[in-house]
Amino acid sequence: MPEETKLYDLAELFKVFGDSTRIRILFVLSEEEVCVCGLAEKLNMTQSAISHQLKILKQNKLIKSRREGKSIYYSLADSHVRAILAQGMEHIEEEAP
């Protein structure tokens, strides 16, 4: 059994995946690097709402950012995030025995 602190951290990570807006953002970022304005347009949301969710995703090391001039572009932090999304989709699409 992992240490209690590790279990807590894992539970906190899964809480981040518990919001459909954040999941939608992650799916967009799994396809391409996008700025806040691009995410807002694709998801039909305000830039403010997107920025709030991006902050949470970044704090939890699920996304990364890079600056280009005045724009900041976001992408998935690493292949683990893509794998978590893919395995989650595989699980929910699985037919019950």
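See above for the structure.
Structure report, in brief.

Cut-offs used in this document
- Within any chain, residue numbers begin from 1 and follow the written order of that chain's sequence.
- Where totals are concerned, whole chains, interfaces and linings use all residues; where local detail is concerned, this predicted model gives features only for residues with pLDDT of at least 70, and gives and counts side-chain atom pairs only at 80 or more.
- Values shown for side chains rest on all heavy atoms present in the structure; no hydrogens or waters enter the calculation.
- When DSSP finds two or more bridges between a pair of strands, those strands are recorded as paired.
- For the purposes of this entry, the term helix denotes a DSSP run of H or I that reaches at least four residues, the term strand denotes a run of E that reaches at least two, and both are numbered from the N terminus.
- The criterion used for residue contact is that any of the two residues' heavy atoms lie within 4.5 Å.
- Surface patches are defined over residues having more than 30% relative accessible area and no salt bridge, joining like charges when they lie within 9 Å and nonpolar side chains (Val, Leu, Ile, Met, Phe, Trp, Tyr) when within 5 Å.
- With residues, only the protein chains shown are counted as cover, and all accessible areas are computed by Shrake-Rupley using a 1.4 Å probe.
- Criterion for a salt bridge: a side-chain nitrogen of Lys or Arg within 4 Å of a carboxyl oxygen of Asp or Glu.
- Categorising residues by exposure relies on relative accessible area from a 1.4 Å probe, with only protein chains included: less than 20% of the type maximum marks a residue as buried, more than 50% marks it as exposed, and the intermediate range marks it as partly exposed.
- Only buried residues count toward a nonpolar core, which is a set of Ala, Val, Leu, Ile, Met, Phe, Trp, Tyr and Cys residues joined through side-chain atoms within 4.5 Å.

**Side note on the pairing of strand S3 (residues 71-76)**
Pairing geometry for strand S1 (residues 34-35) and S3, over two bridges, is antiparallel. Note on S3: the bridge partner recorded for Val 34 is Tyr 74. Pairing between strand S2 (residues 63-68) and S3: six bridges, direction antiparallel. Its bridge partner lying in S3, Ser 65 is registered against Tyr 74. The antiparallel pairing of S2 with S3 creates a hairpin that spans two residues between the two strands, and Gly 69 there sits at a positive phi of about 65 degrees.

**Some words on the sheet that holds S1**
Within the open sheet, the three strands sit side by side as S1-S3-S2. Their pairing is antiparallel. The strands lining the two open edges of the sheet, one partner per strand, are S1 and S2.

**Examining the environment of Leu 26**
Among the secondary structure elements, Leu 26 is positioned in helix H2 (residues 20-31). The spatial distance from the C-alpha of Leu 26 to the C-alpha of Leu 62 is 8.4 Å, given a sequence separation of 36 residues. In contact with Leu 26, not counting residues within four places along its chain, are Phe 17, Leu 57, Leu 62, Ile 63, Leu 76, Val 81 and Leu 85.

**Some points on a nonpolar patch on the surface**
A surface patch of nonpolar side chains, about 260 Å² in accessible area, is lined by Leu 10, Phe 14 and Ile 84. As for its placement among the helices and strands, Ile 84 is situated in helix H5 (residues 79-93). According to the relative accessible area criterion, Ile 84 is partly exposed, its value standing at 31%.

**Section: the nonpolar core**
Counting residues in hydrophobic clusters, the biggest one holds 20 residues, and the most contacted among them are Ile 25, Leu 26, Leu 29, Leu 39, Ile 50 and Leu 54. Ignoring any residue separated from it by four or fewer positions in sequence, one finds Leu 54 in contact with Ile 25, Val 36, Leu 39, Ile 63 and Tyr 74.

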